[in-house]
Amino acid sequence: MSSEGPLTAHRPERVAVVIPAKNEADRIEATIDAARALHGVDIVVVVDDGSTDSTAAVAMGADALVVRHKTNRGKAAAMATGAQLVQMREDTDRADGGDSFIEELHAEPREPGHTGPLPVIDPAPAQPRALLFLDADMGASASGAQPLVDAVLEDGVDMAIALLPPQEGAAGMGFVVRTARRGIEKATGWTPTQPLSGTRCITRETWEACQPLAAGWGVETSLTIDALTGGFWVKEIEAELHHRATGSDLRGQLHRAAQLRDVLRALARRRTIAPEPPVEIEPETPLDDIEETGEHEVRSAPDAPVAPGRDAADLADLPVTGTFSDEQTRALADADIAALDRLLRDLPVDADFAPDDAVFLAGTDLDLLATRLHDAPVSGTFTPEHAVIIASHLDAGEPEIPPSLDSPLTPDEYASLVVHAAVDAENSAKSDS
């Protein structure tokens, strides 16, 4: 548990399930059936995120509400689309009168030109549904999400996160998990057990407070940080859920590398919002600065020092696509922008960086990163995402190339090996201590 109690003012009474899916035709029907059987669930939405198989058709056959992305847009985008479809469904229900709609015959007065029953709609509509996000490959085990639903509907939890049992065949190295856990702890003071658990039940008030979402696989990290810093009650709940584990082959390694990239970007994006430590107030604090709140007295902190000013226009010449937010601009307040511009342009990457990437890379050794990328035995240029992954592991040294891989490597293969080298270095340090 991360706080003393719920913050959501209007408690939900029902739950809508949102299932992001890509190429899950073999498992999606069982997942939908199990989700629909959960107590409190009355809507199941499947977001087909650019599948090349029959996922959407199978989901429609299982009587789910289905929306499809023509191309793969990533987990965060699929979650957002699902939540939007739930809201549209609720708006439509309210326009039709919903469950509270009745028809009554009125003798007089009657609306001019109206010859039939007049609709009577309850002026107090039902509260928005909570959102339960499930992985598409859970199959029948999705029934194990009931404790999350109960925590939100009955116990008042604002965001319930599934604590999954050990997954058969899992070959994850734990490096991404540790990165996310440390980042969340640094930003909020709370240490989650499974920071990347994507199975979550969230009130709509909490969901709206966590917008905009971080991209891709960073969405869980951003949801946790934003909910906690918003004062919502976040709790991990044990749930007997199982899904297909990520293997240790090259495909699995690249999946974890992509997760790490997105987690790092999410942490860089939100690293300036950590709550400040309590400020000690001297006895001579004026009484006007004291707010009475009942049993406890809360003293208002003096105004914090203002960071050096920087306008977003100062960053316009950086090789970045997109607009820097106020938060990102503040994060670069102390940076030498001319030097940052030169160093970013010296990196052998094939596209401009995202604002999140630029903020993260500004805190790394870009000279060393440039040397690593230029000297890497790679054919072709790196993407900005590769640069972020490799920059986060500069202290691990150059990776060894296994005999099974022929040189030159692809940028994906090299980035994966960098992650492996970092994990090996950390494991060696633990065994020596």
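Residues numbered from 1 in each chain as written. Predicted model: local features only at pLDDT ≥ 70, side-chain atom pairs only at ≥ 80, totals over all residues. Heavy atoms only, no water.

Trainee: It is not clear to me how the overall build of the chain should be interpreted in this structure. Could you clarify?
Mentor: Across its full length, the chain carries 14 helices and 11 strands. Counting the 433 residues in the chain, one finds 46% classified as buried. In the form shown here, the chain has an accessible surface area of approximately 21,900 Å², with 50% of it arising from carbon and sulfur atoms. (Helix = DSSP H or I, 4+ residues; strand = E, 2+ residues; numbered from the N terminus. Buried < 20%, exposed > 50% of the residue type's maximum accessible area, 1.4 Å probe, protein only. Areas by Shrake-Rupley, 256 points an atom, 1.4 Å probe, with all protein chains shown as cover.)

Trainee: How should I be thinking about the sheet that holds strand 1 (residues 15–21) in this particular structure?
Mentor: Sheets are built from strands that pair by backbone hydrogen bonding, the pairs being arranged parallel or antiparallel. Spatially, 3-2-1-6-8-7-9 is the arrangement adopted by the 7 strands of the open sheet, whose pairing is mixed. Among the strands making up the open sheet, the edge pair consists of strand 3 (65–69) and strand 9 (234–238). Mean inter-strand twist for the sheet, computed between neighbouring axes without regard to direction, equals 20°. Looking at chain direction, strand 1 and strand 2 (residues 41–49) are connected through 7 bridges and run parallel. Counterpart to alanine 21 in the pairing with strand 2 is aspartate 48. Relative to the sheet, helix 1 (residues 28–36) contacts strand 1 and strand 2, its axis offset from that of strand 2 by approximately 155°. (Pairing = 2+ DSSP bridges. Axes fitted to C-alpha atoms, helices over the stretch in contact; angles between N-to-C directions. Contact = heavy atoms within 4.5 Å.)

Trainee: Would you mind showing me how to read the confidence of the model for the chain here?
Mentor: Parts of the prediction with low pLDDT should not have their coordinates interpreted in detail. For the chain, mean pLDDT is 79; residues scoring 70 or higher make up 72% of the total. The low-confidence segment residues 169–173, where pLDDT is below 50, has 15 contacts with residues more than four positions distant or belonging to other chains. Counting contacts from residues 271–308, a segment whose pLDDT is below 50, to residues more than four positions away or on other chains yields 31 contacts. (pLDDT = per-residue confidence, 0-100.)

Trainee: Help me understand unusual backbone geometry, please; the structure alone is not making it clear to me.
Mentor: Glycine aside, residues mostly have negative phi angles, and peptide bonds mostly take the trans form. With an omega of -5°, the peptide bond between glutamine 211 and proline 212 qualifies as cis. Checked against the element boundaries, proline 212 lands in the loop between helix 6 (204–209) and helix 7 (219–229). Positive phi, close to 55°, is recorded for asparagine 23, a residue that is not glycine. With respect to the secondary-structure elements, asparagine 23 resides in the loop between strand 1 and helix 1. By relative accessible area, which is 32% here, asparagine 23 ends up partly exposed. Look at aspartate 63: it is not a glycine, yet its phi comes out positive at around 70°. Within the secondary structure layout, aspartate 63 lies in the loop between helix 2 (55–61) and strand 3. Exposure remark for aspartate 63: the relative accessible area of 61% places this residue in the exposed category.

Trainee: Hey, could you run me through the nonpolar core in this one?
Mentor: Counting 69 residues, the largest nonpolar core has Trp207, Leu223, Leu344, Leu347 and Leu369 as the members making the most contacts within it. When neighbours within four sequence positions are excluded, leucine 369 is seen to be in contact with Leu347, Leu361, Ala387, Ile390, Ala391 and Leu394. Of all hydrophobic cores here, the second largest spans 35 residues; its members include Ala162, Leu164, Trp233 and Leu241. (Core = buried A, V, L, I, M, F, W, Y, C linked by side-chain atoms within 4.5 Å.)

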